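# Summary of structural features
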Amino acid sequence: PTHENWAIKHRLQQMRAALLLLATHTAAAATLQPTVKPALAQNHKLQLAPDPVATIVTLRGGASLGPITPTVGAWLQVVLEAYFLALMSGNLKFLPALPFMGGDPYAKYGWTETASTKPLQTQFAGAIGYLLSITFAATYWGDAAAHVNVCRGSMLAWLVCGGVFFGQLAKGTTKFTEGNVMCVVLPLLFAYLGFA
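Keep in mind the model is a prediction, meaning the values are calculated, not measured.

## A short note on the nonpolar core
Of all hydrophobic cores here, the largest spans 18 residues; its most connected members are Phe84, Leu87, Met88, Trp158, Met182, Leu186 and Phe190. Looking at this core element by element, the count peaks at six residues for helix α9 (residues 178-195). Those residues in contact with Trp158, other than ones at most four positions away along the chain, are Gln77, Leu80, Phe84, Met182, Cys183, Leu186, Pro187 and Phe190.

Given below as structure tokens:
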């Protein structure tokens, strides 16, 4: 019986010590201040990032051409991309093949419709759709600085389109359309809105 009593007392003492240690540790942990560093101190990339307020104040570009601001220019690009997506995917065939109207893209641009060109047309329309989703997101959720950047990107996009359209025109593989005129006028407009 004495050995059993001693074992019970020993176990009770161990449990008291464990509870006391737990209570002491919990109380100490509750009084300590958290050592969480602010995000700026943790991320060296954030330390190198420019101050957002200073960025807006020193924003280059953003000039307006009458009522056409970079925001209007960004929305203009969204509308043009939506138009060309509808046109190149064949969804404007019910309209006449006139400038900014629609028509069959194969007839309008002088392309040949075959079983091998249909997947390319789908890829082409898909690429315009991808570009449209990015441009729309930057315009809709963006601020004035984002709209200036949309104008800058649109300038580059229209220069690339101009190279493609005029290159195809020189080779005789496409017809002259409103796209050729837009590839001259729109880079100038978007360059002014984005960089002036």
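## Remarks on helix α7 (residues 117-140)
The end-to-end C-alpha distance of α7, which contains 24 residues, comes to 34 Å, matching closely the 34 Å that a straight helix rising 1.5 Å per residue would cover. Among the residues making up α7, those that are buried are Gln121, Ala125, Gly126, Ile128, Leu132, Thr135 and Thr139. Packing partners of the buried residues in α7 comprise α5 (70-88), α6 (105-109) and α8 (144-171).

## Focus: unusual backbone geometry
The residue Phe100 is not glycine, and still its phi comes out positive at about 60°. Structurally, Phe100 can be placed in the loop between α5 and α6. With a relative accessible area of 45%, Phe100 lands in the partly exposed category.

Calculation notes
- Residues numbered from 1 in each chain as written.
- Predicted model: local features only at pLDDT ≥ 70, side-chain atom pairs only at ≥ 80, totals over all residues.
- Heavy atoms only, no water.
- Core = buried A, V, L, I, M, F, W, Y, C linked by side-chain atoms within 4.5 Å.
- Buried < 20%, exposed > 50% of the residue type's maximum accessible area, 1.4 Å probe, protein only.
- Helix = DSSP H or I, 4+ residues; strand = E, 2+ residues; numbered from the N terminus.
- Contact = heavy atoms within 4.5 Å.
- Expected span 1.5 Å × (residues − 1).

Function cannot be inferred from these measures alone, as they are strictly geometric.
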